[in-house]
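# Tertiary structure, described
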Amino acid sequence: PLERNRVGINFSVDEGEPTKIKAISIVGAEAFSEKELLGLFELRTPGWFTWFTKTDQYSRQKLTADLEKLRSFYMNRGYLEFSIDSTQVSMSPDKQDMFVTVNVNEGAQYHVSSVKLAGNFVLPEAELAQLVRVRAGDLFSREELNETTKRISDRLGAEGYAFANVNASPETDK
């Protein structure tokens, strides 16, 4: 108890030893090898340098970032319908090892069939078309699509349209 009707609280935390990742599995990947996909991850299983880098210690934030890298990897290679169906993180009974399993659904791979510009043009459409990095016949790439919208926004911004609204709306044709 403290004065003026207040209470002091102390928390005693025993963190224990950090849990090491024993195995990471990606289930459902067919287009790319599990080794290639795990190479994208920051989290690792124990190895020569992981005692120094601590990348073999489980972290929810690192796993979330790794899953976003995986999603971007697929989206930049034409897999518009890619999804991470579930992620299981389990601990061994002795609480020393973690096992991470990621279940994915790749979906179909898409190519760009055509590219159209639409809207109210304040610059010639031909000039804006030169800024488009996405071409018919290319594999769909979210990164290229984002780069195109950024380039058009920057060009319009250079003309004084600071709040230009450039949106990409890909339509899938199954």
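Note: the structure precedes this text.
Here is a short report on the structure shown in this document. Fair warning: this is a prediction, and the values are worked out from it, not measured in the lab.

## Overview of the pairing of strand S3 (residues 97–105)
In the sheet, strand S1 (residues 20–27) pairs with S3 via seven bridges, with the strands oriented parallel. Counterpart to isoleucine 24 in the pairing with S3 is valine 100. Pairing of strand S2 (residues 83–91) with S3, which is carried by eight bridges, proceeds in the antiparallel orientation. Following the sheet pairing, threonine 87 is matched in S3 by valine 102.

## Quick notes on the environment of glutamate 144
Among the structural elements, glutamate 144 can be located in helix H5 (residues 142–158). We classify glutamate 144 as partly exposed; its relative accessible area is 26%. Between the alpha carbons of glutamate 144 and arginine 133 there is a distance of 6.2 Å; along the sequence they are 11 residues apart. The contact partners of glutamate 144, leaving out residues within four places of it in the chain, are Arg133 and Val134.

## Overview of the layout of surface pockets
A volume near 1100 Å³ is recorded for the largest pocket. Considering the residues around the largest pocket, the lining is formed by 35 residues, among which Val115, Lys116, Asn167, Ala168 and Ser169 are closest to the centre. No other element matches the five residues that H5 contributes to the lining of the largest pocket. Each residue belonging to the lining of the largest pocket can be placed in one class, and the counts come to 21 nonpolar, 11 polar and three charged.

## What to know about the pattern of salt bridges
Note that side chains of opposite charge can pair when their charged atoms are close. Under the criterion given, the structure shown has 11 salt bridges. Across the salt bridge formed by glutamate 68 and arginine 142, the nearest N and O atoms sit 3.5 Å from each other. On the criterion of sequence distance, the pair formed by glutamate 68 in helix H3 (residues 60–75) and arginine 142 in helix H5 is long-range, its members being 74 residues apart. The class for glutamate 68 is partly exposed, based on a relative accessible area of 35%. For glutamate 81, the salt bridge is made with lysine 174, and the minimal N-O distance between the two is 3.0 Å. One end of the pair, glutamate 81, is in the loop between H3 and S2; the other, lysine 174, is in the segment after H5, with 93 residues separating them in the sequence. Classification of glutamate 81 as partly exposed rests on a relative accessible area of 30%.

## Comments concerning the sheet that holds S1
The sheet built from three strands is open, its strands ordered S1-S3-S2 with mixed pairing. Among the strands making up the open sheet, the edge pair consists of S1 and S2. The mean angle between the axes of side-by-side strands here comes to 15°, regardless of whether they run parallel or antiparallel. Sheet contacts for H3: S2 and S3; angle to S2, the most-contacted strand, approximately 150°.

Calculation criteria
Residues numbered from 1 in each chain as written. Predicted model: local features only at pLDDT ≥ 70, side-chain atom pairs only at ≥ 80, totals over all residues. Heavy atoms only, no water. Pairing = 2+ DSSP bridges. Helix = DSSP H or I, 4+ residues; strand = E, 2+ residues; numbered from the N terminus. Buried < 20%, exposed > 50% of the residue type's maximum accessible area, 1.4 Å probe, protein only. Contact = heavy atoms within 4.5 Å. 1 Å grid on protein atoms, 1.4 Å probe; cavity = no way out; pocket = protein on both sides within 12 Å on 5 of 7 lines; lining within 4 Å. Points joined across faces, edges and corners; volume = space filled by probe spheres on them. Nonpolar A, V, L, I, M, F, W, Y, C, P; charged D, E, K, R; others polar. Salt bridge = Lys/Arg side-chain N within 4 Å of Asp/Glu carboxyl O. Axes fitted to C-alpha atoms, helices over the stretch in contact; angles between N-to-C directions.

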